[in-house]
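# Architecture and fold: a report
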Amino acid sequence: MAVASVPLRAEVLSLLRSLLKTARKFGDYNIREYARRRAVDGFRENKELLDPSAIAAAFAEGTSQLEVAKRQASVYTLYAPSAKSVMEIIIIHFGNTGRVVMIATA
């Protein structure tokens, strides 16, 4: 059995950046935020790992999750809903009156 080497700090940060970049590719707000939150939570959860084999296993799991997220993002763009989520609609109010002046999508 081959022992996986411990990834460098730069490689771990690169994996996090790649996961966050892939999360931004999702068109739907809810899925985009879920993917971002899952990536950040996973890194926070494994922040205190000291065992080299556990670190290598967590890095390998993150790398496989990145590949899954990339595939899902590309598939999701093919079948994404055409309507925006309520969270993506920007409503601008006029002063304290609460009148809606403009409704735009993000």
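Residues numbered from 1 in each chain as written. Predicted model: local features only at pLDDT ≥ 70, side-chain atom pairs only at ≥ 80, totals over all residues. Heavy atoms only, no water.

### A short note on the packing of helix α1 (residues 9–23) against helix α3 (residues 52–78)
For the pair α1 and α3, interaxial distance at closest approach is 10 Å and the crossing angle is 20 degrees. With respect to α3, the axis of α1 lies roughly parallel. For α1 against α3, the interelement crossing comes out left-handed. Along its contact with α1, which presents Glu11, Val12, Leu15, Ser18, Leu19 and Thr22, the element α3 presents Phe59, Gly62, Thr63, Gln65, Leu66, Ala69, Lys70 and Ala73. Within the contact of α1 with α3, the residues separate by chemical class into seven nonpolar, five polar and two charged. (Axes fitted to C-alpha atoms, helices over the stretch in contact; angles between N-to-C directions. Helix = DSSP H or I, 4+ residues; strand = E, 2+ residues; numbered from the N terminus. Parallel < 35°, antiparallel > 145°, perpendicular 65-115°, else oblique. Left-handed = near helix turned anticlockwise from the far one by under 90°. Contact = heavy atoms within 4.5 Å. Nonpolar A, V, L, I, M, F, W, Y, C, P; charged D, E, K, R; others polar.)

### As for the environment of Ala58
Note on placement: Ala58 falls in helix α3. Taking relative accessible area as the criterion, Ala58 reaches 23% and is therefore assigned partly exposed. Each C-alpha atom, one on Ala58 and one on Gly42, is 9.1 Å from the other, the two residues being 16 residues apart in sequence. When neighbours within four sequence positions are excluded, Ala58 is seen to be in contact with Asn46 and Leu49. (Buried < 20%, exposed > 50% of the residue type's maximum accessible area, 1.4 Å probe, protein only.)

### Focus: the packing of aromatic side chains
Counted under the stated rule, the structure contains one aromatic pair. Ring centres 6.1 Å apart and planes at 65 degrees place the aromatic pair Phe26 and Tyr76 in the edge-to-face group. Taken together, the positions of Phe26 in the loop between α1 and α2 (29–45) and Tyr76 in helix α3 put the pair 50 residues apart, joining distant regions of the chain. The residues Phe26 and Tyr76 share a single accessibility class, namely buried. (Phe/Tyr/Trp six-rings, centres within 6.5 Å; stacked < 30°, edge-to-face > 60°.)

### A look at a nonpolar patch on the surface
A cluster of nonpolar side chains, contributed by Val75, Leu78 and Tyr79, occupies part of the molecular surface with about 370 Å² of accessible area. Its location among the elements puts Leu78 in helix α3. (Patch = residues over 30% accessible without salt bridge, like charges linked within 9 Å, V, L, I, M, F, W, Y side chains within 5 Å. Areas by Shrake-Rupley, 256 points an atom, 1.4 Å probe, with all protein chains shown as cover. Salt bridge = Lys/Arg side-chain N within 4 Å of Asp/Glu carboxyl O.)

### A word on the confidence of the model for the protein
Predicted confidence across the protein gives a mean pLDDT of 84, with 74% of residues reaching 70 or more. When mean pLDDT is taken per element in the protein, α1 scores highest with 96 and strand β2 (residues 99–105) scores lowest with 56. (pLDDT = per-residue confidence, 0-100.)

### Overview of the pattern of salt bridges
Applying the stated criterion across every chain, the model contains one salt bridge. Arg36 is the salt-bridge partner of Glu33, the closest N and O atoms lying 3.2 Å from each other. Taken as a pair, Glu33 and Arg36 lie in helix α2 at a separation of three residues, close to a single helical turn. Of the residues examined, Glu33 reaches a relative accessible area of 22% and is grouped as partly exposed. Overall, Arg36 belongs to the partly exposed group, its relative accessible area being 38%.

### Remarks on α1
Between the first and last C-alpha of α1 there are 21 Å, a value that for 15 residues agrees with the 21 Å anticipated at 1.5 Å per step. Buried residues of α1: Leu15, Leu16, Leu19, Thr22 and Ala23, and no others. Seen along its axis, α1 keeps its buried residues to an arc of 130 degrees; they face one direction. Opposite its buried face, α1 presents the exposed residues Arg9, Ala10, Arg17 and Lys21, each directed more than 90 degrees away. Turning to α1, the residues buried within the fold contact α2 and α3. (Expected span 1.5 Å × (residues − 1). Arc of directions from axis to C-beta.)

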